[in-house]
Amino acid sequence: MPISGQPGSNTFLLVFLVLVVQASDVLQYLWGKLAGRHAIAPQLSPEKTVEGTIGGIATASALGAALASITPFSVPEAALISLLITLLGFLGGLAMSALKRSRGIKDWSKLIPGHGGMLDRLDSLFLSAPAFFYLLRFGWAD
């Protein structure tokens, strides 16, 4: 996708998306372990907490703002886009958890010990990646 003044930016934009969304997942887990007290969606994902979700999303959004230089976004734009994709990442993870619960399974596979399968690691991209693509397509693409 060509973007004015950003030759070769597609690779950096993909790195931005994956790094921010996956960092949010990891940071939500860490914040949840450090400060988590209140379950956010106990029926779908019993380990996710309000504190972990807020801490992970806020920290990953700050990371996204810090990565603005590798994108066509200003620092405030990068922060807001990071906030959007981390929120959608959280919702995508919950949506995939709901699918798993409806099938009566905990993990999509046992490919990655302790983490389940690839879909378990990438479920946060389920909603965030398409939203990021269309945001770029209609907001920054030539």
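In short, a report on the structure. (Residues numbered from 1 in each chain as written. Predicted model: local features only at pLDDT ≥ 70, side-chain atom pairs only at ≥ 80, totals over all residues. Heavy atoms only, no water.)

## Looking at the pattern of salt bridges
Alright, step 1. Summed over the entire model, instances satisfying the criterion amount to one salt bridge.
Alright, step 2. Between Lys33 and Glu47 there is a salt bridge whose closest N-O contact spans 3.9 Å. Pair noted here: Lys33 is in helix H1 (residues 9-35) and Glu47 is in the loop between H1 and helix H2 (50-66), with a separation of 14 residues, a long-range link.
Alright, step 3. The class for Glu47 is exposed, based on a relative accessible area of 62%. (Salt bridge = Lys/Arg side-chain N within 4 Å of Asp/Glu carboxyl O. Helix = DSSP H or I, 4+ residues; strand = E, 2+ residues; numbered from the N terminus. Buried < 20%, exposed > 50% of the residue type's maximum accessible area, 1.4 Å probe, protein only.)

## Here we look at the packing of aromatic side chains
Alright, step 1. All told, the structure shown has six aromatic pairs when counted by the stated rule.
Alright, step 2. Both rings, one in Phe16 and one in Phe73, keep their centres 5.8 Å apart while their planes meet at 65°; by these two values the pair is edge-to-face. With Phe16 in helix H1 and Phe73 in the loop between H2 and helix H3 (75-103), this residue pair connects regions lying 57 residues apart in the sequence. Across this residue pair, the class does not change: Phe16 and Phe73 are buried.
Alright, step 3. Here Phe16 and Phe132 contribute two aromatic rings whose centre-to-centre distance is 6.0 Å and whose plane-to-plane angle is 25°, an arrangement assigned as stacked. On the criterion of sequence distance, the pair formed by Phe16 in helix H1 and Phe132 in helix H5 (residues 125-139) is long-range, its members being 116 residues apart. A single burial state applies to Phe16 and to Phe132, both of which are buried. (Phe/Tyr/Trp six-rings, centres within 6.5 Å; stacked < 30°, edge-to-face > 60°.)

## Notes on the nonpolar core
Generally speaking, soluble globular proteins have nonpolar side chains that are buried together.
Alright, step 1. Judged by nonpolar contacts, the single largest core of 15 residues is most densely connected at Leu13, Phe16, Leu17, Phe73, Ile85, Phe132 and Leu136.
Alright, step 2. For this core, the secondary structure elements donating two or more residues are H1, H3 and H5.
Alright, step 3. For this core, the leading source of residues is H1, giving five residues.
Alright, step 4. Apart from the residues within four sequence positions on either side, Phe132 is in contact with Leu13, Phe16, Leu17, Phe73, Ile81 and Ile85. (Core = buried A, V, L, I, M, F, W, Y, C linked by side-chain atoms within 4.5 Å. Contact = heavy atoms within 4.5 Å.)

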